[in-house]
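Architecture and fold: a report
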Amino acid sequence: MNVDSHHHLWTISRGDYGWMSPDLGPIYRDFAPADLVPHIKAAGIDKTVIIQAADTVAETEFMLQTAEEIDWIAGVVGWVDMENPNAIPTLERLAQHPKFKGIRPMIQEIADDDWILKPALDPVFAALIDMDLSFDALVLPRHLPRLLQRLEKQPDLRCVIDHAAKPHLTTGDLDDWCADMTRLARETESLCKFSGLVTEAGESFSADTIRPATDHILDIFGPTRLMFGSDWPVLNLASDYADWVKLAEELTTGLSAADKIGLWGETASRFYQL
């Protein structure tokens, strides 16, 4: 089973996409399941995981309703306000839906770089573990040491690092990112998404600009802890679905057949319990 472990769908008129604006050009419009179908069919994708794009429970409920109607959406990663007193009851309610797999706080947008270390979040992280829910870490390179501290504190948290923590591909400044990602790979059970890198590399992306990052995560995590994701339609800011699939295949050409099965579906299926 081939899995796209990371895509979005949105209806702008819902009004909770605070980061959305007309200057985002090709992605400033609605994206529905029908828009994605031709791309996943062409790429041989069987199932997908839809990821939150708004910091509201309402959007999570919108995604769950969509997933009820679309059989190829196998999982939903939503959002809850982890600092709200009702965070755990909200998780318990959402987890009653069989396609609800976990949450993703928008850490990259939070002003406090130490947010993930707040003691007030400890019970919510513990609840994620108790309910066997996943945690998508939407972090930037500067957040990686804090993520490591959180995972050292709660090592049983099922965590995946989105977009390989968005390394600085445009500048090539990867030393700290490499070191921090290596520690996370060696000292925790975290996984990593093979996604989002063309957007970080910009419009002039190529295999050569992205390879330093993909070679590193392939080396430290291995395909059994990596999962392919498109990050569609954000991907459209720099590329398109077919080109990213082709590039991902080029960047992983040296993998064995068994390892490719892991990267292209088995890892995501296992992690998200699809």
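One can find the structure itself at the top, above this paragraph.
Conventions we followed
Residues numbered from 1 in each chain as written. Predicted model: local features only at pLDDT ≥ 70, side-chain atom pairs only at ≥ 80, totals over all residues. Heavy atoms only, no water. Helix = DSSP H or I, 4+ residues; strand = E, 2+ residues; numbered from the N terminus. Buried < 20%, exposed > 50% of the residue type's maximum accessible area, 1.4 Å probe, protein only. Contact = heavy atoms within 4.5 Å. Salt bridge = Lys/Arg side-chain N within 4 Å of Asp/Glu carboxyl O. Core = buried A, V, L, I, M, F, W, Y, C linked by side-chain atoms within 4.5 Å. Axes fitted to C-alpha atoms, helices over the stretch in contact; angles between N-to-C directions. Parallel < 35°, antiparallel > 145°, perpendicular 65-115°, else oblique. Left-handed = near helix turned anticlockwise from the far one by under 90°. Nonpolar A, V, L, I, M, F, W, Y, C, P; charged D, E, K, R; others polar. Phe/Tyr/Trp six-rings, centres within 6.5 Å; stacked < 30°, edge-to-face > 60°. Expected span 1.5 Å × (residues − 1). Bend = angle between axes of the 7 residues up to and from the residue.

1. Quick word on the side chain of Thr-90
Within the element layout of this structure, Thr-90 appears in helix H3 (residues 87-94). Residue Thr-90 is classed as buried on the basis of its relative accessible area of 16%. With residues up to four places along the chain from it excluded, the contact list for Thr-90 reads Val-57 and Val-80.

2. Quick word on the pattern of salt bridges
Under the counting rule described, the total for this entry stands at 14 salt bridges. Where Asp-162 meets Lys-193, a salt bridge forms, and the shortest distance between an N and an O atom there is 3.7 Å. Residue Asp-162 is found in the loop between strand S6 (158-161) and helix H6 (175-187), and its partner Lys-193 is found in strand S7 (residues 191-194); the two are separated by 31 residues along the sequence. Asp-162 gets classed as buried once you look at its relative accessible area, which sits at 0%. With a closest N to O distance of 3.0 Å, Arg-183 and Glu-187 form a salt bridge. Of the two residues, Arg-183 and Glu-187 are both situated in helix H6; the distance of four residues between them amounts to about one turn of the helix. Residue Arg-183 is classed as partly exposed on the basis of its relative accessible area, which comes to 40%. A relative accessible area of 43% places Glu-187 in the partly exposed class. Overlapping salt bridges bring together Arg-104, Asp-136, Asp-162 and Lys-193 as one network.

3. Regarding the nonpolar core
Within the largest apolar cluster, 79 residues are counted, with the highest numbers of intra-cluster contacts made by Phe-135 and Met-181. Discounting chain neighbours no more than four positions away, the residues touching Phe-135 are Met-82, Ile-103, Pro-105, Ile-107, Ile-116, Phe-125, Leu-128, Leu-157, Arg-158, Cys-159 and Val-160. The next biggest cluster of nonpolar side chains, apart from the first, holds 10 residues, and it includes Val-49, Ile-51, Val-77 and Tyr-272.

4. Focus: the packing of H6 against helix H8 (residues 207-220)
Between H6 and H8, the shortest axis-to-axis distance is 10 Å and the interhelical angle comes to 25°. Relative to H8, the element H6 lies roughly parallel. Our pair here, H6 against H8, has a crossing hand that is right-handed. On the side of H6, the interface is formed by Trp-177, Cys-178, Met-181, Thr-182 and Ala-185, while H8 contributes Ala-213, His-216, Ile-217 and Ile-220. Broken down by class, the residue content of the contact of H6 with H8 amounts to seven nonpolar, two polar and no charged.

5. Details of the packing of aromatic side chains
Here the structure, examined in full by the defined rule, presents nine aromatic pairs. Each ring, one from Trp-10 and one from Trp-19, has its centre 5.4 Å from the other, and the planes form 85°; the classification is edge-to-face. On the accessibility criterion, Trp-10 (0% relative accessible area) is buried. Trp-19 sits in the partly exposed class, given a relative accessible area of 31%. Ring centres of Phe-125 and Phe-135 lie 5.2 Å apart, and the angle between their planes is 65°; on these two criteria the pair is classed as edge-to-face. Placement of the pair is Phe-125 in helix H4 (residues 122-130) and Phe-135 in strand S5 (residues 134-137), with a sequence separation of 10 residues.

6. Remarks on H8
With 14 residues, H8 should cover 20 Å at 1.5 Å per step; its first-to-last C-alpha distance of 19 Å lies within 8% of that length. At Ala-213, H8 shows its largest bend, some 25°. All of the buried residues along H8 are Ala-207, Ile-210, Ala-213, Thr-214, His-216, Ile-217, Leu-218 and Ile-220. The inward-facing, buried residues of H8 abut H6, S7, helix H7 (197-201), strand S8 (226-228) and helix H9 (241-251).

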